[in-house]
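Observations on the three-dimensional arrangement
Here is how the chains run, residue by residue.
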Amino acid sequence: MKNVVGLIVNPVAGMGGSVGLKGTDGETYKKALELGAQPVTPKRTKDCLSRIERKDDITLFVAPGKMGEEYAEAFDTPFTVIGAVGEETSAEDTKRIAAEMVSRGVGLLIFVGGDGTARDIYDAIDSQVPVVAVPSGVKIFSSVFAVSARAAAEMVDAFVEGTDVTEEEVLDIDEEAFREDRLASRLYGYLLVPNVRSFLQPGKAASNVSISSVESKKEIAAYIVEEIDRETLYLLGPGTTLEAIAAEMEVPKTLLGIDAVFGGELVGTDLNEKGILGLLERYDERKIIVTPIGGNGFIFGRGSKQFTPEVIRQVGRENIVVVGTRDKVGRLDCLRVDTGDFELDELLCGYMEVVVGYKEGMMVKVRC
Amino acid sequence: MRETIKLNMNEVPYLPPREVIKAAQKGLAKLNRYADPEDLGRLRGLLADYSGVPEEHVVLSPGSDILLREVIHTFSKGRKVIIVSPSFFSTVQAAKQFATKLVSLRLSPPEFDFDLNLLMDELQEPCLVIIDNPNNPTGKILLDRQAVEAIIESTDTLLVVDEAYYEFSGVTFADMVHDHPNLAVTRTMDKAFSLAGARIGYVIAGEAFRDTFSSFYAFLPQPSLYAAIEALNHPDYVRRNVQRVVEERERVWRTLNELAVHVCQSTTNFLVVNTEIPDIVKRLRDIGILILDLSNQLPSGFVRVSIGTGEENDAFIAGYMKIRAAYLNGMQMNAGFRG
């Protein structure tokens, strides 16, 4: 008997990333559109669907239009459209269609989106059926998500082959607080996922605020600032380690945004992709300084989507400086990238040195 | 009340032979005296024979961790220190304390592979490389002879190989020390000799290290010294120890594997388990079984379990599976799915 698999896409998820909006919850996606953001879910959805190998063992139910139907062709097999939606879609559509799919016998639900979408799915179906979560949002801190669209496809295959399921966390960060540079997250609930641990992203670990961690960040900051070249543009990613570096440079820093420093002066605050590309045109020497997300190790593709593939390519792999405290880096399997551009991801793979203290580095594998 | 089962320190669970214990007792009768240099010389000679190296290469110490610390302290000046991560805790601590420039080469789970090319790329300046082989805590052999040769042929590189678990792995580079002045091998009698309480360590040092160690003179405790000499006169028990531990290790590994527990293969007297159960260390401690939490060096979920006696290992397996069943049962109750 075939497995009935549902597909729900949040068409606006991830649009805020490249324009620096840190999310598209509520009405923010309209602002993202005004700022010229392009949808990112179509590519993610197609990447996932086209890589599922056990198509013949699946009966596909999809949400209407851009919430699923439009991408179902990539699946290359008949499908059934469930529910109806208007021109503008909303969280309520996600919840309603998810519930309807489950009531009509879906055994596995694929959804494409970010933490907000995961929250909606949880509200609608709780633990009634397992899910495969394809990462496409700006904020993807929940461990429920696959590490990439490719990994999500393999999880679907694993489910069809009969793998068991496990519980993973749904977290959410308050977008209002996030935009105001405050990090406020909470555990929202649990969803069931196929138990393929290596394909799941570890959840974001709580920031370590112990004294040693504070000291460790100061050590890193002292070393980075000692090595600073005043003729180079520095793009500082989000996070408290970068905040410590900015403090050592004596410039202000948005905790969750991307800021730029040149010659000891702040030349850009809370930049979006357009702003970064503008600066890259003006400065010949440039470096990106980023810190991995605690717990899952992402340096690109989560949390700091303003570092788009175009930005990363222009700066170049050799000009990426990764920093992180010993404790944080020691607890990671590896560093991870998921920029949405597979070629770039593969280019970023291999080993990178992470500055973990004063004149102290750790060579860590980057995986995609 | 049942005695605590200690599977957290990589000790061998069997006592040394009676002769060795008696020798230690003989040492107690001389507690008011420092060790006799002649006795120290005898031990040095016996260790040289045991290791198949000339005596002048052997330096004694109360514990190999002290030697590693001394090596890092002395030879890190003007050199980049390179270690692997995770690694023996004392090495990591000393490297962090003394190195002016430190690079850790990450061994990433689940394979924990060591990338020799990555290390070779780092050897472009004077370096001190310290690698535990087999690695603690992964239990994996990281170096072979070819790799050691490549490293020690690099310009101005000193290599220290920590062979604390050599008797279990059977892999050693001690015989290379005589021809390679920039190689040193550290060892211990704590493990395979069942002498953790005696704390006898030694380094088989190449020429480049020996000048420094010529002034490193360890007065070992009398009971330890006498026990170590007697132990080396009866090395058969070491082979029996190793055989029993390896058989038990393989049995525990097979059993856990059959029970679908993620456990890494090992060439030592311990295993690394990757568990989904939160607080497993505490939960086992609550039922009297001690294992080591590795969350300070590896992602959460990794723990290290030493191989104990058959009974102790059975108790661990039973305790672990009981805790796991309760945990999974609780998960299923919460999920209310697929009942």
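Residues numbered from 1 in each chain as written. Chains lettered and ligands numbered in written order. Predicted model: local features only at pLDDT ≥ 70, side-chain atom pairs only at ≥ 80, totals over all residues. Heavy atoms only, no water.

Assigned secondary structure in chain B consists of 12 helices and 13 strands. Rg of the C-alpha trace for chain B: 21 Å, near the compact-globule value of 20 Å for 339 residues, within the 12% margin. Dimensions of chain B, computed from the C-alpha atoms along their principal axes, are close to 70 × 55 × 30 Å. Burial status across chain B gives 56% buried among its 339 residues. For chain B, restricting intrachain contacts to residue pairs at least 6 apart in sequence, the fraction spanning at least 24 positions comes to 73%. (Helix = DSSP H or I, 4+ residues; strand = E, 2+ residues; numbered from the N terminus. Rg over C-alpha atoms; globule rule 2.2 N^0.38 Å. Buried < 20%, exposed > 50% of the residue type's maximum accessible area, 1.4 Å probe, protein only. Contact = heavy atoms within 4.5 Å.)

Let us look at the pattern of salt bridges. This structure, assessed with the given rule, holds 35 salt bridges over all chains. Linking Lys-95 of chain A and Glu-92 of chain A is a salt bridge whose minimum nitrogen-to-oxygen distance equals 3.6 Å. On the criterion of helical spacing, the pair formed by Lys-95 of chain A and Glu-92 of chain A is a turn pair, its members being 3 residues apart in helix H3 (residues 91–103). A relative accessible area of 22% places Lys-95 of chain A in the partly exposed class. Between Arg-326 of chain A and Glu-360 of chain A there is a salt bridge whose closest N-O contact spans 2.9 Å. Of the two residues, Arg-326 of chain A is situated in helix H11 (residues 326–330) and Glu-360 of chain A in strand E16 (residues 360–367); the sequence distance between them amounts to 34 residues. A network of salt bridges, in which partner residues are shared, links Lys-80, Lys-101, Glu-122 and Glu-125 of chain B. (Salt bridge = Lys/Arg side-chain N within 4 Å of Asp/Glu carboxyl O.)

Chain-level statistics for chain A give a pLDDT mean of 86 and a share of 84% at 70 or above. This stretch, residues 206–211 of chain A, has a pLDDT under 50; its non-local contacts, to residues over four places away or in other chains, come to 6 contacts. (pLDDT = per-residue confidence, 0-100.)

Time to look at the pairing of strand E10 (residues 265–268) of chain A. All names here are of chain A. One ladder, built from 3 bridges, connects strand E9 (residues 259–262) with E10; its direction is antiparallel. Residue pairing across strands places Phe-262 opposite Glu-265, the latter belonging to E10. What sits between the antiparallel neighbours E9 and E10 is a turn of 2 residues, in which Gly-263 has the positive phi angle 55 degrees. (Pairing = 2+ DSSP bridges.)

When the parts come together, some accessible area is lost, and that loss is often what is quoted as the size of the interface. Counting residues at the interface gives 29 residues for chain A, matched by 30 residues for chain B. Here Glu-111 of chain B makes a salt bridge to Arg-367 of chain A, at a shortest N to O gap of 3.4 Å. For the side of chain A that touches chain B, the leading source of residues is E16 of chain A, giving 7 residues. Taken together, the residues of the side of chain A that touches chain B sort by class into 12 nonpolar, 6 polar and 11 charged. In the sheet, E16 of chain A pairs with strand E4 (residues 102–106) of chain B via 4 bridges, with the strands oriented parallel. The partner of Met-363 of chain A across the bridge, within E4 of chain B, is Leu-105 of chain B. (Nonpolar A, V, L, I, M, F, W, Y, C, P; charged D, E, K, R; others polar.)

Before going further, it helps to spend a moment on the nonpolar core. Within the largest apolar cluster, 96 residues are counted, with the highest numbers of intra-cluster contacts made by Leu-43, Met-189 and Phe-316 of chain B. Setting aside its immediate chain neighbours within four residues, Met-189 of chain B contacts Leu-47, Ser-194, Leu-195, Ile-200, Tyr-202, Ala-228, Ala-231 and Leu-232 of chain B. (Core = buried A, V, L, I, M, F, W, Y, C linked by side-chain atoms within 4.5 Å.)

A few words on the packing of helix H1 (residues 18–28) of chain B against helix H9 (residues 222–233) of chain B. Residues and elements named next belong to chain B. Closest axis-to-axis distance for the H1/H9 pair is 7 Å, and the angle between their directions is 150 degrees. Taken together, the axes of H1 and H9 lie roughly antiparallel to each other. Remark: the crossing between H1 and H9 carries right-handed chirality. Only Gln-222, Pro-223, Tyr-226, Ala-227, Glu-230 and Ala-231 of H9 make contact with H1, whose side of the interface consists of Glu-19, Val-20, Ala-23, Ala-24, Lys-26, Gly-27 and Leu-28. Among the residues forming the contact of H1 with H9, the class breakdown is 8 nonpolar, 2 polar and 3 charged. (Axes fitted to C-alpha atoms, helices over the stretch in contact; angles between N-to-C directions. Parallel < 35°, antiparallel > 145°, perpendicular 65-115°, else oblique. Left-handed = near helix turned anticlockwise from the far one by under 90°.)

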